[in-house]
Amino acid sequence: MKGPSISVLKKYLHLMTKNKVKYMTSERLSRLVGVYPEVINENLSYFDPMINMDPSYDLLVLIPQIKEYIQQEEDKKSNNAPKVMVTKRDVVEYESVADFVYKRMTFAGMVDRSLVLNEKDLRVLKRLVNDELASLKKKK
């Protein structure tokens with residue numbers, strides 16, 4: 001089951017913690033947020049399915065679970081490594097794909113078959129190939 005969006009949960013959490021009430025129902029939260037109580041119940045039913053059945057359910061009970069869910073989702077996002085970018089400066093070093101192969105993949109004039117290209121080299125090679133294909137299309 002796909003969970004609710006982080007931005008909506010943060011909005012609900014902010015309004016629930018900001019209000020100094022002892023009991024927060026979906027009806028009361030709906031007046032603060034400006035959304036129907038059914039929508040709030042649908043979003044928060046991920047944490048406790050009984051919210052849909054009971055209109056007097058106290059939403060303040062869900063605050064620790066919501067905080068934990070938000071923290072887990074943000075940790076998942078932060079684990080992603082930054083994408084390697086290839087700049088024009090990297091591509092200008094090579095005149096063509098053949099020049100790239102000669103400079104990066106040969107050793108003393110012999111092709112090194114055991115060489116493994118890293119992500120940046122592969123992106124440079126991809127860009128060189130795309131540039132050569134574009135130049136061939138222009139010639140036709």
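Look above for the structure.
Residues numbered from 1 in each chain as written. Predicted model: local features only at pLDDT ≥ 70, side-chain atom pairs only at ≥ 80, totals over all residues. Heavy atoms only, no water.

Draft legend 1. Region of the structure containing the overall build of the protein chain. In terms of helices and strands, the protein chain carries 7 helices and 2 strands. In the protein chain, the succession of helices and strands from N to C terminus is α-α-α-α-α-α-β-β-α. Rg of the C-alpha trace for the protein chain: 28 Å, well past the compact-globule value of 14 Å for 140 residues, more than 25% over. Here the C-alpha coordinates of the protein chain stretch approximately 75 × 35 × 25 Å along the principal axes. Among the 140 residues that make up the protein chain, the fraction classed as buried is 29%. The long-range share in the protein chain, meaning contacts at least 24 apart out of those at least 6 apart in sequence, stands at 59%. Here the protein chain displays about 10500 Å² of accessible surface, and carbon together with sulfur accounts for 55% of that area. Here the protein chain carries 25 positive and 19 negative side-chain charges, and the mean point of each set is 6 Å from the other. (Helix = DSSP H or I, 4+ residues; strand = E, 2+ residues; numbered from the N terminus. Rg over C-alpha atoms; globule rule 2.2 N^0.38 Å. Buried < 20%, exposed > 50% of the residue type's maximum accessible area, 1.4 Å probe, protein only. Contact = heavy atoms within 4.5 Å. Areas by Shrake-Rupley, 256 points an atom, 1.4 Å probe, with all protein chains shown as cover. Lys, Arg positive; Asp, Glu negative; His and termini not counted. Charge placed at Lys NZ, Arg CZ, Asp CG, Glu CD.)

Draft legend 2. Representation of unusual backbone geometry in the model. Positive phi is not limited to glycine here, since Ala-108 has a value of about 60 degrees. By secondary structure assignment, the location of Ala-108 is in the loop between β1 (106-107) and β2 (110-111).

Draft legend 3. Up close: the side chain of Asp-58. Here Asp-58 shows up in the loop between α3 (37-44) and α4 (63-78). Polar contacts involving the side chain of Asp-58 include one to the main-chain amide nitrogen of Leu-60, which spans 3.3 Å. Sequence-distant contacts of Asp-58, that is, excluding residues within four places in its chain, are made with Lys-22, Tyr-23 and Met-24. (Polar contact = N/O pair within 3.5 Å; in protein donor to acceptor, adjacent residues only side chain to side chain.)

Draft legend 4. Just a nonpolar patch on the surface, in detail. Together, Val-129, Leu-133 and Leu-136 line one region of the surface with nonpolar side chains, adding up to about 250 Å² of accessible area. Residue class for Leu-133 comes out partly exposed when judged on its relative accessible area of 46%. (Patch = residues over 30% accessible without salt bridge, like charges linked within 9 Å, V, L, I, M, F, W, Y side chains within 5 Å. Salt bridge = Lys/Arg side-chain N within 4 Å of Asp/Glu carboxyl O.)

Draft legend 5. Quick look at the nonpolar core. Core analysis: the largest hydrophobic core is formed by 20 residues, its most contacted members being Met-16, Leu-29, Leu-44, Leu-59, Leu-62 and Ile-66. Once you skip the residues sitting within four places of it in the chain, Ile-66 turns out to touch Leu-9, Leu-13, Met-16, Leu-44 and Phe-47. If you look at the next biggest cluster of nonpolar residues, it comprises 8 residues, including Val-91, Tyr-94, Phe-100 and Leu-125. (Core = buried A, V, L, I, M, F, W, Y, C linked by side-chain atoms within 4.5 Å.)

Draft legend 6. Structural detail: the packing of aromatic side chains. Scanning all chains against the criterion turns up 4 aromatic pairs. Among the aromatic side chains, those forming a connected cluster through ring pairs are Tyr-46, Phe-47 and Tyr-69. (Phe/Tyr/Trp six-rings, centres within 6.5 Å; stacked < 30°, edge-to-face > 60°.)

Draft legend 7. Molecular detail of the environment of Asn-80. Position of Asn-80 relative to the elements: it lies in the loop between α4 and α5 (88-92). Along the sequence, Asn-80 and Val-8 sit 72 residues apart, while their C-alpha atoms lie 23 Å from each other.

Draft legend 8. Quick look at the packing of helix α2 (residues 26-33) against α3. At a minimum axis separation of 8 Å, α2 and α3 run at an interaxial angle of 110 degrees. Regarding the angle of α2 to α3, the classification is roughly perpendicular. For the pair α2 and α3, contact is made by Ser-26, Glu-27, Leu-29 and Ser-30 and by Pro-37, Ile-40 and Asn-41, respectively. Residue composition of the contact of α2 with α3, by class: 3 nonpolar, 3 polar and 1 charged. (Axes fitted to C-alpha atoms, helices over the stretch in contact; angles between N-to-C directions. Parallel < 35°, antiparallel > 145°, perpendicular 65-115°, else oblique. Nonpolar A, V, L, I, M, F, W, Y, C, P; charged D, E, K, R; others polar.)

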